[in-house]
Amino acid sequence: MTIGISYTVLLFNLLEDVVLLKEKVFGVFETKTEVISPQHSILNGYIREFDRELPRQSLKLPTPIITLGFPKAGTSTIFEYFHCGGRPTAHYACKAMTPTAERTDKCGKCIENNMAENRFPLTSCVEKMGRCEHLEDWCGTCIKQNIDTNRPPLEGCGNFEVYTEINQSFGMARQKKGADQVPTTIYFPQVEALEKFHEAYPT
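Definitions and cut-offs
Residues numbered from 1 in each chain as written. Predicted model: local features only at pLDDT ≥ 70, side-chain atom pairs only at ≥ 80, totals over all residues. Heavy atoms only, no water. Helix = DSSP H or I, 4+ residues; strand = E, 2+ residues; numbered from the N terminus. Buried < 20%, exposed > 50% of the residue type's maximum accessible area, 1.4 Å probe, protein only. Contact = heavy atoms within 4.5 Å. Areas by Shrake-Rupley, 256 points an atom, 1.4 Å probe, with all protein chains shown as cover. Arc of directions from axis to C-beta. Pairing = 2+ DSSP bridges. Salt bridge = Lys/Arg side-chain N within 4 Å of Asp/Glu carboxyl O. Disulfide = S-S within 2.5 Å.

**Quick word on the overall build of the protein**
Line of reasoning, step 1. In terms of regular secondary structure, the protein is built from seven helices and nine strands.
Line of reasoning, step 2. By residue count, 35% of the 203 residues in the protein fall in the buried class.
Line of reasoning, step 3. Pairs at least 24 residues apart make up 67% of the contacts formed inside the protein by residues separated by at least 6 positions.
Line of reasoning, step 4. Entry remark: accessible area of the protein is about 12400 Å², with carbon and sulfur atoms responsible for 57%.

**Topic: unusual backbone geometry**
Line of reasoning, step 1. The step from T63 to P64 runs through a cis peptide bond, and the omega angle for that step is 5°.
Line of reasoning, step 2. Here P64 shows up in the loop between β4 (57-59) and β5 (65-66).
Line of reasoning, step 3. A positive phi angle, near 65°, is found at K72, a position not held by glycine.
Line of reasoning, step 4. Along the chain, the position of K72 falls in the loop between β5 and α2 (75-84).
Line of reasoning, step 5. Even without glycine at this site, Y92 takes up a positive phi of about 75°.
Line of reasoning, step 6. Looking at the element boundaries, Y92 is found in the loop between β6 (89-91) and α3 (108-116).
Line of reasoning, step 7. Assessed through its relative accessible area of 11%, Y92 is described here as buried.

**Comments concerning α3**
Line of reasoning, step 1. Of all the positions in α3, only G108, C110, I111, N114 and M115 are classed as buried. Axial view of α3: buried residues confined to an arc of 165°, hence all on one face. Along α3, exposed side chains directed more than 90 degrees from the buried face belong to K109 and A116.
Line of reasoning, step 2. In the stretch just after α3, N118 is the one whose phi turns positive, near 60°.

**A look at the sheet that holds strand β2 (residues 41-43)**
Line of reasoning, step 1. One open sheet holds the five strands; their spatial order is β3-β2-β6-β7-β5, and the pairing between them is mixed. Each end of this open sheet is capped by a strand with a single partner; those strands are β3 (46-48) and β5.

**Description of the environment of T203**
Line of reasoning, step 1. Tracing the backbone through its elements, the reader meets T203 in the segment after α7 (194-200).
Line of reasoning, step 2. With a relative accessible area of 76%, T203 lands in the exposed category.
Line of reasoning, step 3. For the pair formed by T203 and P64, sequence separation is 139 residues and the distance between their alpha carbons is 9.0 Å.

**A short note on the pattern of salt bridges**
Line of reasoning, step 1. According to the stated counting rule, one finds five salt bridges in the structure shown.
Line of reasoning, step 2. For E161, the salt bridge goes to R56, with nearest N and O atoms at 3.6 Å. Of this pair, E161 sits in the loop between α5 (139-148) and β7 (162-165) while R56 sits in the loop between β3 and β4, and the two are 105 residues apart along the sequence.
Line of reasoning, step 3. When its relative accessible area of 11% is taken as the criterion, R56 is described as buried.
Line of reasoning, step 4. A network of salt bridges, in which partner residues are shared, links R56, R87 and E161.

**Here we look at the state of the cysteines**
Line of reasoning, step 1. Per the stated rule, a full pass over the model turns up two disulfides.
Line of reasoning, step 2. The side chain of C94 participates in a disulfide bridge whose partner is C139; the two sulfur atoms lie 2.1 Å from each other. Between C94 and C139, the S-S torsion sits near 110°, and that sign places the bridge as right-handed. Pair noted here: C94 is in the loop between β6 and α3 and C139 is in helix α5, with a separation of 45 residues, a long-range link.
Line of reasoning, step 3. According to the relative accessible area criterion, C139 is buried, its value standing at 0%.
Line of reasoning, step 4. C142 shares a disulfide with C157; S-S distance 2.0 Å.

Here is the structure:
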């Protein structure tokens with residue numbers, strides 16, 4: 001019984017913390033109808049539409065909001081939190097990966113097949129094709145290109161209000177079957193260029 005009560009108290013405390021966080025981040029019971037760009041979020045290359053039956057919460061924090069943590073540290077959960085509130089949010093990819101007339105590189109069909117099966121868009125594509133174009137679709141690549149050319153880190157990277165994972169992996173994880181694995185390079189702009197973010201977005 002004591003254990004049950006303790007867990008109940010803990011649950012209520014957690015719920016209270018979530019409500020307090022929502023009050024600090026979102027305007028509780030407030031909604032806005034102004035036009036926003038983009039009108040959706042992007043999770044790992046997939047467009048995520050907003051639930052139009054839920055009120056769009058107004059932000060009390062300045063934007064952009066950037067998660068400075070590492071992969072597998074709750075970035076998807078943070079994405080879902082802001083996306084649920086109707087705020088345009090990007091996770092890992094800053095552009096939709098769905099092949100279009102403008103996106104017809106040799107990996108297009110591979111990406112299309114992966115998305116049809118609800119897999120990560122580039123699964124096995126690099127291994128099969130050697131290289132895929134449109135690397136600027138990924139937030140990390142877009143950010144790196146900006147920093148290398150002394151532009152604001154998020155310029156042209158989707159104009160989202162929230163960015164929950166901004167790192168980028170480069171290189172092939174492994175070559176053809178039976179070959180030695182090739183180390184993948186991971187770029188962490190939140191580590192290597194943190195001062196650039198502070199300069200561009202001091203609030």
